[in-house]
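Residue-level structure breakdown
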Amino acid sequence: MAKVLVLYYSMYGHIETMAGAVAEGARSVAGTEVIVKRVPETISPEVAKQFGAKLDQAAPVATIDELVGYDAIIFGTPTRFGNMCGQMRTFLDQTGGHWAKGALVGKIGSVFSSTATQHGGQETTITSFHSTLLHHGFVIVGVPYTCAGLTNMNEITGGSPYGATTLAGGDGSRQPSANELDIARFQGKHVAEIAAKLFA
């Protein structure tokens, strides 16, 4: 049985929704155990409330130590100036002990993201995230073009061969579309299928 962690940070709920779709896709692969968790918040509850952050997320908070117990980790992060958000960066910056021991070498890593605008750094966020995963020795998995949603030209939509993405809109009012959620499910299923082959 492959064990998959969907690990995310979501301020306004967009990445939380995408994480649910990613997990759904991973769970569709027989024999896969899927856990959804989030990284700790670094903003005080008072400030987060002022920002309008979504504070009622049900996913439990992950710890650094538990990462070694998974075969695959699918990371979700909103974009901050073309990079991962600070909460995810802070969490990953605490994994030096795992790096020193090679504890994450050979695990599968995959990334999904969101931006406010169409060209707000979705691809740079994911590809720059890959640098951290490569330093840890992860085997990186994206979304191949066998995912039909990547070639959808009939609407404004996220999604790339690097990973599933969504567009939140400048005011956060746009929610993940059906196509974006389909790509997220595909990504989760694809990662779980590869994990099942590698860790059978």
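Residues numbered from 1 in each chain as written. Predicted model: local features only at pLDDT ≥ 70, side-chain atom pairs only at ≥ 80, totals over all residues. Heavy atoms only, no water.

Looking at an unreviewed UniProt entry, the chain carries the name NAD(P)H dehydrogenase (quinone), with the source organism given as Pararobbsia alpina. Reading the Sequence similarities (unreviewed entry) entry of the UniProt record for the chain gives the comment "Belongs to the WrbA family." (UniProt positions renumbered as here; feature names shortened; annotations may be inferred.)

Moving on, we come to the nonpolar core. Formed by 29 residues in total, the largest nonpolar core has its most connected members in V6 and F112. Elements with a contribution of two residues or more to this core: β1 (2–8), α1 (14–27), β3 (72–80), β5 (108–115) and α6 (178–198). Those residues in contact with V6 that sit more than four places away from it in its chain are A19, V22, A23, V34, I35, V36, K37, I74 and F112. Listed in part, the 24 residues of the second largest apolar core include I73, F75, F129 and F138. (Core = buried A, V, L, I, M, F, W, Y, C linked by side-chain atoms within 4.5 Å. Buried < 20%, exposed > 50% of the residue type's maximum accessible area, 1.4 Å probe, protein only. Helix = DSSP H or I, 4+ residues; strand = E, 2+ residues; numbered from the N terminus. Contact = heavy atoms within 4.5 Å.)

It is worth spelling out the packing of aromatic side chains at this point. A full pass over the atoms with the stated rule returns 2 aromatic pairs. Measuring from ring centre to ring centre gives 5.1 Å for F75 and F129, while their planes differ by 45 degrees; the resulting arrangement is tilted. Of the two residues, F75 is situated in strand β3 and F129 in helix α5 (residues 122–136); the sequence distance between them amounts to 54 residues. A relative accessible area of 1% places F75 in the buried class. For F129, a relative accessible area of 0% corresponds to the buried category. Residues F75 and F138 carry aromatic rings whose centres are separated by 6.1 Å and whose planes lie at 75 degrees to one another, so their mutual orientation is edge-to-face. Of this pair, F75 sits in strand β3 while F138 sits in the loop between α5 and β6 (139–140), and the two are 63 residues apart along the sequence. Taken together, the ring pairs connect F75, F129 and F138 into an aromatic cluster. (Phe/Tyr/Trp six-rings, centres within 6.5 Å; stacked < 30°, edge-to-face > 60°.)

With the rule as written, the count across this model stands at 1 cavity of 30 Å³ or more. Size it by volume and the largest cavity reaches roughly 30 Å³. In terms of lining, the largest cavity is formed by L67, F75, L92, T95, L104, T132, L133, H136 and F138. Counted by class, the lining of the largest cavity contains 6 nonpolar, 3 polar and no charged residues. (1 Å grid on protein atoms, 1.4 Å probe; cavity = no way out; pocket = protein on both sides within 12 Å on 5 of 7 lines; lining within 4 Å. Points joined across faces, edges and corners; volume = space filled by probe spheres on them. Nonpolar A, V, L, I, M, F, W, Y, C, P; charged D, E, K, R; others polar.)

Looking at the largest pocket, its volume works out to about 370 Å³. What lines the largest pocket is a set of 20 residues, and nearest its centre among them are Q122, E123, T157, G158 and G159. For the lining of the largest pocket, the elements supplying multiple residues, two or more each, are α5 and β7 (165–167). Of all the elements, α5 adds the most residues to the lining of the largest pocket, at 3 residues.

Direction vectors running N to C along α1 and α6 enclose 45 degrees, while the axes themselves pass 6 Å from each other. One way to sum up the angle between α1 and α6 is to call them oblique. When you trace α1 past α6, the crossing you get is right-handed. Each of T17, M18, A21, V22, E24, G25 and A26 in α1 lies in contact with α6, whose residues at this interface are E180, L181, A184, R185, G188, K189 and A192. (Axes fitted to C-alpha atoms, helices over the stretch in contact; angles between N-to-C directions. Parallel < 35°, antiparallel > 145°, perpendicular 65-115°, else oblique. Left-handed = near helix turned anticlockwise from the far one by under 90°.)

Checked against the element boundaries, S160 lands in the loop between β6 and β7. By relative accessible area, S160 is classed as buried at 5%.

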